[in-house]
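Reading the structure
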Amino acid sequence: MRVREADLRELMDDPRCDERMLLRTVRRFGLVNRAVSGWGAIYRSRLRPYLRSRADELREAPVRILDVGCGGGDVTLTLARRARADGFAVEVCGIDPDTRCLSVARSRPSEPGVTFRGAYAADLVEAGEEFDVVVSNHVLHHLSRDQLHELFAHTDALGAELALHNDIARSRTAWGLYSLGILPFAPGTFLFTDGLRSIRRSYTLAELQREIPPGWTVTSPAPFRVIATRSSRTTGGV
């Protein structure tokens, strides 16, 4: 655990993996994310203050939010629902290059203002698209150092005023707790093996701090979590 195992491959990243197990895994991401990802706190402390700071502008056009590597779309939908419940006008787009994962996202009950697209962030940059907010969940640990730097660069190129890239922080304690806690949800999925491999592939706080470009910060908002952020707008706090 002292060294990030960047060459360790997750089973679900194999294009030849068992598709039924993959789809079961993606469908259960919502349970895992609710337990460990902390998007409720992130929304309250970071995204909601930003939306409030845009309140006057929202009368003219909704805030555009991009969820990179959205998988089964549970985080995409969660953010859209929370924003709408607070009265904010948003358009939320989830992107993922894996059409199998997108099939799960698109099978969920539709939500006004939410779309899912098969694309990489680079594709949107090339198309000249812009978003006010760019987020990701459990994406950073999948990336090589070069890909990580590309994600930060693409986030900037998309014009985001607020960026929130949320991920696991590697530790022995996280590995041990996850190996026990995931057991009831793991049968028939890749959640056990891939979750432990994700932890071994993930960055520590210090490692991620060394990789961020100027203008970005990395913090640990909760135990076993890291979040890389950039904001070009003063929101006035929570």
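Structure: see above.
Heads up: these notes are all about the structure in this document.

What counts and what doesn't
- Residues numbered from 1 in each chain as written.
- Predicted model: local features only at pLDDT ≥ 70, side-chain atom pairs only at ≥ 80, totals over all residues.
- Heavy atoms only, no water.
- Helix = DSSP H or I, 4+ residues; strand = E, 2+ residues; numbered from the N terminus.
- Contact = heavy atoms within 4.5 Å.
- Phe/Tyr/Trp six-rings, centres within 6.5 Å; stacked < 30°, edge-to-face > 60°.
- Buried < 20%, exposed > 50% of the residue type's maximum accessible area, 1.4 Å probe, protein only.
- Lys NZ or Arg CZ within 6 Å of the ring centre and 35° of its normal.
- Pairing = 2+ DSSP bridges.
- Right-handed = clockwise from strand over helix to strand, strands pointing away.
- Arc of directions from axis to C-beta.
- Axes fitted to C-alpha atoms, helices over the stretch in contact; angles between N-to-C directions.

**Some thoughts on the side chain of Thr76**
Along the chain, Thr76 falls in helix H4 (residues 74-85). In contact with Thr76, not counting residues within four places along its chain, are Asp67, Cys70, Val92, Cys93, Gly94, Val114 and Phe116.

**Comments concerning the packing of aromatic side chains**
Applying the stated criterion across every chain yields a total of one aromatic pair. Taking the centre distance of 4.7 Å and the plane angle of 50° together, the rings of Phe152 and Trp216 count as tilted. Of this pair, Phe152 sits in helix H7 (residues 145-157) while Trp216 is found in the loop between helix H10 (205-211) and strand E6 (217-219), placing the two residues 64 residues apart along the sequence. Both residues of the pair, Phe152 and Trp216, belong to the buried class. Against the face of Tyr203 rests Arg4, its NZ or CZ located 4.0 Å from the ring centre. Cation over ring: Arg64 sits above Phe131, and NZ or CZ is 4.2 Å from the ring centre.

**Section: the pairing of strand E5 (residues 162-168)**
The buried fraction of E5 is high, at seven of seven residues. Note: strand E4 (residues 133-137) against E5, five bridges, orientation parallel. Looking across to E5, one finds that Val134 is bridged to Ala163. One crossover worth recording links E4 to the parallel E5 by way of H7, and it is right-handed.

**Thoughts on helix H8 (residues 172-181)**
For H8, the complete set of buried residues consists of Ala174, Tyr178 and Ser179. Along the axis of H8, the buried positions cluster into a sector of 125°, meaning they face one direction only. Facing away from the buried surface of H8 by more than 90 degrees, the exposed residues are Arg172, Leu177 and Leu180.

**What about unusual backbone geometry?**
The phi angle at His138 is positive, at roughly 55°, despite the residue not being glycine. A residue is classified by how much of its surface remains accessible, and His138, at 16% relative accessible area, is buried. We note that Phe224 has phi near 65°; this positive angle belongs to a residue other than glycine. Judged by relative accessible area, Phe224 falls into the partly exposed class, the value being 34%.

**Some details on the sheet that holds E6**
Taking strand neighbours across the sheet as the criterion, the seven strands line up as E3-E2-E1-E4-E5-E7-E6 in an open arrangement whose pairing is mixed. Edge positions in the sheet fall to strand E3 (114-117) and E6, since each of these pairs with one other strand and no more. Along the sheet, successive strands turn relative to each other by an average axial angle of 20°, direction set aside. The pairing of strand E1 (residues 63-68) with E4 spans four bridges and is parallel. Opposite Leu66, over in E4, you have Val134 as the bridge partner. Together, E1, E4, E5 and strand E7 (225-231) form the strand contacts of H7, whose direction differs from that of E5 by roughly 155°.

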